[in-house]
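Examining the three-dimensional arrangement
Spelled out from the first residue to the last, the chains are:
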Amino acid sequence: MTAPHRLSPGDPAPDFTLPTDTGSTLSLTDLRGRKVILYAYPAAMTPGCTKQACDFRDSLASLQAAGYEVVGISPDKPEKLAKFRERDAVTFPLVADTDKAVLTAYGAFGEKQSYGRTVTGVIRSTFVVDEDGKIERALYNVRATGHVAKLRRDLGLD
């Protein structure tokens, strides 16, 4: 497997319709007209992913006040996402990309470095999608801890 194709500002955000943690489905087109922060994480209920989800949860009110919707995406099954939501009081949608097609389309699944080895998996990434469905920011290999604070600064919210 080669390195994934990465998105750049101005690219159309790949559309998707995926099952959520609540048993419904969510489409990116449903959010058209709003700014969306779509963040890709490897696995629900792991320490880093929990920290990142809780950081987004704790910033959600101010992100929404600034016009942003937050959506988390991982290859986990909806049932696991529901447990994650309940355990950690996640208050934004979590979508399940079990076949990793959407993660791949965003360049958030592929070869990456993990503890000095090349492995295939989810590349922790964040995408800011504008109201017209275009990529405003595509951030790859972000850190679980401190990422939301940095994103807030980069978006001019702090």
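Residues numbered from 1 in each chain as written. Predicted model: local features only at pLDDT ≥ 70, side-chain atom pairs only at ≥ 80, totals over all residues. Heavy atoms only, no water.

A word on the pattern of salt bridges
One pass over the full model with this rule turns up eight salt bridges. Two residues, Asp76 and Lys80, come together in a salt bridge whose shortest N-O distance is 3.5 Å. Take Asp76: its relative accessible area is 8%, and that puts it in the buried class. Linking Asp154 and Lys150 is a salt bridge whose minimum nitrogen-to-oxygen distance equals 2.8 Å. Here the residue Asp154 and the residue Lys150 both occupy positions in helix 4 (residues 147-154), the gap between them amounting to four residues, near one helical turn. Its relative accessible area of 32% is what places Asp154 among the partly exposed residues. (Salt bridge = Lys/Arg side-chain N within 4 Å of Asp/Glu carboxyl O. Buried < 20%, exposed > 50% of the residue type's maximum accessible area, 1.4 Å probe, protein only. Helix = DSSP H or I, 4+ residues; strand = E, 2+ residues; numbered from the N terminus.)

Thoughts on helix 1 (residues 47-65)
For helix 1, built from 19 residues, the straight-helix expectation of 27 Å at 1.5 Å per residue is met to within 8% by its first-to-last C-alpha distance of 28 Å. The largest bend along helix 1 measures about 55° and falls at Ser59. Buried residues of helix 1: Cys49, Thr50, Gln52, Ala53, Cys54, Asp55, Phe56, Ser59, Leu60 and Leu63, and no others. Among the structural elements, strand 3 (35-40), strand 4 (68-74), helix 2 (78-88), strand 8 (125-129) and helix 4 are those in contact with the buried residues of helix 1. Immediately downstream of helix 1, the backbone of Gly67 shows phi near 95°, a positive value. (Expected span 1.5 Å × (residues − 1). Bend = angle between axes of the 7 residues up to and from the residue. Contact = heavy atoms within 4.5 Å.)

Details of the side chain of Ser27
As for its placement among the helices and strands, Ser27 is situated in strand 2 (residues 25-27). Residue classification places Ser27 among the buried positions, given a relative accessible area of 9%.

Concerning empty space enclosed by the protein
Applying the stated criterion to the full structure yields one cavity of 30 Å³ or more. Space inside the largest cavity adds up to approximately 40 Å³. Lining the largest cavity are Leu28, Leu31, Arg32, Gly33, Arg34, Val36, Val129, Asp130, Glu131 and Gly133. In the lining of the largest cavity, the residues fall into four nonpolar, two polar and four charged. (1 Å grid on protein atoms, 1.4 Å probe; cavity = no way out; pocket = protein on both sides within 12 Å on 5 of 7 lines; lining within 4 Å. Points joined across faces, edges and corners; volume = space filled by probe spheres on them. Nonpolar A, V, L, I, M, F, W, Y, C, P; charged D, E, K, R; others polar.)

Overview of the layout of surface pockets
The computed volume of the largest pocket comes to approximately 350 Å³. Lining of the largest pocket is provided by 13 residues; of these, Lys112, Gln113, Ser114, Arg124 and Val142 occupy positions nearest its centre. Counting residues per element, the lining of the largest pocket draws most heavily on strand 6 (residues 109-114), at three residues. Here the residues of the lining of the largest pocket are counted per class, giving six nonpolar, four polar and three charged.

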